[in-house]
Amino acid sequence: MTNKRIVLSSDHADIGLRQAIAAHVETLGWEAVDIGPTTSESTPYPKHGAEAAQRVASGDCALGIIVCGTGQGIMMAANKVKGVRCGVCSDTFSAKMIRGHNDANMLALGARVIGAGLAMEIVEAFLSAEFEGGRHATRVDMITALEA
Ligand code: RB5
């Protein structure tokens, strides 16, 4: 992957976790594009999911990592943006598989579900996996066809 930019966003549930992930991905050789928010004031997750997803859909960033309380709401919003495939992960196996089999370009995390240590391991699993193509590409193409 030549584009090494990762967009990060969250709602108010845990901006600290998002910022810690941003710092962590930099240590892994990625450029973190942290688009906020910068305060813990209540803010709607659909806005932040969509803003991050648009950075990925436009090609500005190769991947995205988004955080809300459960990861679910912000994931649902991100997946409404054409070209985005986002999954919520609370384990490293799923994080590896959404890249390997589903060609996910965004990862959602639930800050009220998992701790920071596990979140970092999930991020590492997501970033180190690669799409396997082949029969999986046919299935991902079927997902893309649903956007038409
Ligand atoms: C906000 O309180 C909470 O609803 C949000 O962070 C997220 O969990 C939604 O899916």
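Residues numbered from 1 in each chain as written. Predicted model: local features only at pLDDT ≥ 70, side-chain atom pairs only at ≥ 80, totals over all residues. Heavy atoms only, no water.

> Pulling in residues and values, what's your account of the pattern of salt bridges?
Tallied over the full model, the rule gives 7 salt bridges. Between Glu-31 and Arg-5 there is a salt bridge, and its shortest N-O distance comes to 2.9 Å. Taken as a pair, Glu-31 in strand S2 (residues 31-34) and Arg-5 in strand S1 (residues 5-10) lie far apart in primary sequence, 26 residues in all. Close ionic contact of Glu-51 with Lys-47 constitutes a salt bridge, the shortest N to O distance being 3.1 Å. Placement of the pair is Glu-51 and Lys-47 together in helix H2 (residues 45-57), with a separation of 4 residues, close to one helical turn. Taking the relative accessible area as the measure of exposure, Glu-51 reaches 29% and is therefore partly exposed. One salt-bridge network, held together by shared partners, links Arg-5, Glu-31, Arg-55 and Asp-60. (Salt bridge = Lys/Arg side-chain N within 4 Å of Asp/Glu carboxyl O. Helix = DSSP H or I, 4+ residues; strand = E, 2+ residues; numbered from the N terminus. Buried < 20%, exposed > 50% of the residue type's maximum accessible area, 1.4 Å probe, protein only.)

> Pulling in residues and values, what's your account of the site of the ligand?
Every residue near the ligand is listed here: Asp-11, His-12, Ala-13, Tyr-45, Cys-68, Gly-69, Thr-70, Gly-73 and Arg-112. Here an oxygen atom of the ligand and a side-chain polar atom of Asp-11 are 2.6 Å apart. Contact between the ligand and Gly-69: an oxygen atom at 2.7 Å from a main-chain N or O atom of the residue. (Near = heavy atom within 4 Å. Polar contact = N/O pair within 3.5 Å; in protein donor to acceptor, adjacent residues only side chain to side chain.)

> Break down the side chain of His-136 for me, citing the residues and quoting the values.
Within the element layout of this structure, His-136 appears in helix H6 (residues 135-145). Beyond its immediate sequence surroundings of up to four residues, His-136 is in contact with Gly-100, His-101 and Phe-131. (Contact = heavy atoms within 4.5 Å.)

> I'd like to hear about the packing of aromatic side chains, residue by residue, with values.
Here the structure, examined in full by the defined rule, presents 0 aromatic pairs. Just above the ring of Trp-30 sits the side chain of Lys-4; from NZ or CZ to the centre is 4.0 Å. Between Arg-99 and the ring centre of Phe-126, over which it is positioned, the NZ or CZ distance is 5.8 Å. (Phe/Tyr/Trp six-rings, centres within 6.5 Å; stacked < 30°, edge-to-face > 60°. Lys NZ or Arg CZ within 6 Å of the ring centre and 35° of its normal.)

> Quick rundown of the sheet that holds S1? Include the residues and the values.
Spatially, 5 strands are ordered S2-S1-S3-S5-S4 in an open sheet, and the strand pairing comes out parallel. Across the chains shown, the open sheet's two edge strands, defined by having one partner strand only, are S2 and strand S4 (86-88). Across the sheet, the axes of successive neighbouring strands diverge by a mean angle of 20°, strand direction being ignored. (Pairing = 2+ DSSP bridges. Axes fitted to C-alpha atoms, helices over the stretch in contact; angles between N-to-C directions.)

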